[in-house]
Amino acid sequence: MKYISTRGGMAPAPYSAILLEGLATDGGLVVPETVPQVDSEQIESWRSLTYPELATEVLSFYATDIPRDDLARMCAAAYAPAGFVAEEIVPVTELEDGILLVGLSEGPTLAFKDMAMQFLGQSLEYVLARSDRALNIIGATSGDTGSAAEYALRGKAGIGVFMMSPQGRMSDFQRAQMYSLTDDNIHNIAIDGVFDDCQNLVKALSSDLEFKRAHELGTVNSINLGRISAQMVYYFWAWLRATDAVAEGDRAAFEVSVTVPSGNFGNILSGHLAKAMGLPIRRLVLAANENNVLDEFFRTGIYAPRSAADTHATSSPSMDISKASNLERFIFDLLGRDPERLAAAWRELDETGRIDLSAELPRLETEFGFQSGTSTHADRVATIRSVYEASGTLIDPHTADGVKVAREHVEAGVLMLVLETAKPEKFPEIVLEATGQRIGMPEHLAGLLDLPQHVTEMNDDEAQLRAFIAQHAVQR
Ligand SMILES: *Cc1c(COP(=O)(O)O)cnc(C)c1O
């Protein structure tokens, strides 16, 4: 399997090469040259596999330049029971009549980004060792993405992590989670500024190609194809678990629908690819919060990114987006995988601030199965409360966005799966508001707040940051 750019200007490259890159060399996004196909017999043959075994099967379609034994070893290490609270790694449980919850938040940082980052940590270390290279990841975080990256990359040979966070603007939990790490290759840098200042520092260094090359800088943001490929695995896993109780003869074409709390369109894109591979998914339901740029696209066919000023800070903060970085990959498929048409769409975006694909609107649902919906703070509160009252289960505000929209899209006789993207313990305020319940740290993290913290405080000063990176960057 080789990978090409949505804009058509990149020579086909193997998986191990694109793992290390962000954008394609022509500014597009990297996609598989063809979508591998699996049939129902093959999927059925995976039913008894453990999560890491299933990951090996699914990823072997994509990581074709990594020997299978090595891939199996990496999947076993990424999804080892010791790193996850639930023994089965991804528990699938009934939430209410017709709705199942897919537990993607059992990993070290209690959110679904661990699912992809844990595999990326293993595969990056492997690919770097094989090519005798180093990689220094620079990133900006307001809390959650940074911690998933740090937990996945801690102690990895050939990899350094420089994570900027805004001083005094993260929760006690987020600070404790990141700053308590003691690994030599993890550098937490608290910038005297806000998140945008951190992001601007990352942009400044990333666009200095000479500095970037000299210190082998890179990023692992949500457009990384290694992450997208690892996320496909749990769609297969969830379908297999949802159909365990279905009579054997009825399984092959048993369609389920999946609702995905969405921000940058990474998680649901993996679902789109799993469906395109042949997994029987009927509907992919996109759940947005008040930042409804994607809901608007799936309802009207018009994609109109917002300005930062028009982006609302909500109580499901990981879905507060103004544009959706991964949408270009879906639009590529929508436009028949034609780089000319894709490039024209992006020219339209540059010139008019929007892409009008309303002519394709019917196909979004009929051909690709997409539906969408939104929710508000009041909806999240009401949903957390009603789920708690009905089943005693506490859900987080992002998952609540999902459950709210899922309930509006349930069809008789079709199981609806909702992806749980974070644990409620990360968002105690809204849980208290909704249920009156005070939740503390999960048991296995008790004591985290008392650990000594390691962080370098720095002014919002590019020169100082450069000096720090030059001094601490990992080299081969
Ligand atoms: C990142 C994140 C999302 C959004 O996922 P995308 O892949 O960006 O669509 C939703 N919920 C939580 C808790 C997240 O951390």
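Residues numbered from 1 in each chain as written. Predicted model: local features only at pLDDT ≥ 70, side-chain atom pairs only at ≥ 80, totals over all residues. Heavy atoms only, no water.

1. Brief notes about the site of the ligand
So, step 1. Close to the ligand lie 14 residues, the nearest being Lys113, Gly263, Asn264, Asn267 and Thr421.
So, step 2. Gly263 places a polar main-chain atom, nitrogen or oxygen, 2.7 Å from an oxygen atom of the ligand.
So, step 3. At 2.9 Å, a backbone N or O of Asn267 approaches an oxygen atom of the ligand.
So, step 4. For the ligand, whose unbound accessible area comes to 390 Å², protein coverage reaches 96%.
So, step 5. Its residues assigned to classes, the shell around the ligand shows five nonpolar, eight polar and one charged. (Near = heavy atom within 4 Å. Polar contact = N/O pair within 3.5 Å; in protein donor to acceptor, adjacent residues only side chain to side chain. Areas by Shrake-Rupley, 256 points an atom, 1.4 Å probe, with all protein chains shown as cover. Nonpolar A, V, L, I, M, F, W, Y, C, P; charged D, E, K, R; others polar.)

2. Examining the nonpolar core
So, step 1. The biggest cluster of nonpolar side chains holds 112 residues, and the ones touching the most others in it are Tyr15, Tyr79, Tyr235, Phe236, Phe265, Phe297 and Phe330.
So, step 2. Per element, the largest residue contribution to this core is 13 residues, and it comes from helix 10 (residues 225-242).
So, step 3. Taken domain by domain, the makeup of this core includes at least three residues from each of domain 1 (3-83 + 115-224 + 464-472) and domain 2 (92-110 + 226-435).
So, step 4. Apart from residues lying up to four places away in sequence, Phe297 is in contact with Ile302, Tyr303, Leu327, Phe330, Ile331, Leu334, Leu357, Leu361 and Leu364.
So, step 5. Counting residues in hydrophobic clusters, the runner-up holds 20 residues, among them Leu95, Ala111, Val418 and Ile430. (Core = buried A, V, L, I, M, F, W, Y, C linked by side-chain atoms within 4.5 Å. Buried < 20%, exposed > 50% of the residue type's maximum accessible area, 1.4 Å probe, protein only. Helix = DSSP H or I, 4+ residues; strand = E, 2+ residues; numbered from the N terminus. Domains from an automatic or database assignment. Contact = heavy atoms within 4.5 Å.)

3. Re the packing of helix 5 (residues 113-130) against helix 6 (residues 144-153)
So, step 1. Two elements in contact, helix 5 and helix 6, have axes whose closest approach is 8 Å; the angle formed by their N-to-C orientations is 40°. By the angle class used here, helix 5 and helix 6 are oblique. Relative to helix 6, helix 5 is oriented so that their crossing is right-handed. Contact residues: Lys113, Asp114, Met117, Gln118, Gly121 and Leu124 in helix 5; Thr145, Ala148, Ala149, Tyr151, Ala152 and Leu153 in helix 6. (Axes fitted to C-alpha atoms, helices over the stretch in contact; angles between N-to-C directions. Parallel < 35°, antiparallel > 145°, perpendicular 65-115°, else oblique. Left-handed = near helix turned anticlockwise from the far one by under 90°.)

4. Here we look at the side chain of Asn326
So, step 1. Position of Asn326 relative to the elements: it lies in the loop between strand 12 (302-303) and helix 13 (327-334).
So, step 2. In this structure, Asn326 is in contact with Leu29, Ser222, Ile223, Ile228, Asn264, Phe265, Gly266 and Leu269, ignoring residues within four places of it in sequence.

5. A look at the domain arrangement of the protein
So, step 1. Entries for the protein in the domain assignment read domain 1 (3-83 + 115-224 + 464-472) and domain 2 (92-110 + 226-435).
So, step 2. Domain 1 and domain 2 are separated by 22 Å when their C-alpha centres are compared.
So, step 3. If you look at the interface, domain 1 gives 50 residues, while domain 2 gives 43 residues.
So, step 4. Summing both partners gives a buried area of about 4,100 Å² for domain 1 against domain 2, and 62% of it is carried by carbon and sulfur.
So, step 5. Across the contact surface, domain 1 and domain 2 share three salt bridges.
So, step 6. Across the pair Arg47 and Asp244 runs a salt bridge whose closest N-O atoms are separated by 2.8 Å.
So, step 7. Across the domain 1-domain 2 interface, the total number found is 22 residue pairs in polar contact (both at pLDDT 80 or more).
So, step 8. Sorting the residues of the side of domain 1 that touches domain 2 by element identifies strand 3 (30-32), helix 2 (40-44), helix 3 (51-59), helix 5, helix 6 and helix 7 (172-179) as the ones contributing at least two each. (Buried area = accessible area lost by both parts, 1.4 Å probe. Salt bridge = Lys/Arg side-chain N within 4 Å of Asp/Glu carboxyl O.)

6. Side note on the packing of aromatic side chains
The geometry of two aromatic rings is summed up by the distance between their centres and the angle between their planes.
So, step 1. Under the definition given, this model contains 17 aromatic pairs.
So, step 2. Ring geometry for Trp46 against Phe61: centres 6.5 Å apart, planes inclined by 65°, an arrangement best described as edge-to-face. A residue pair is termed long-range when its members are at least 10 positions apart, and Trp46 in the loop between helix 2 and helix 3 and Phe61 in the loop between helix 3 and helix 4 (68-78) qualify at 15 residues.
So, step 3. Under the relative-accessibility criterion, Trp46 is labelled buried at 3%. (Phe/Tyr/Trp six-rings, centres within 6.5 Å; stacked < 30°, edge-to-face > 60°.)

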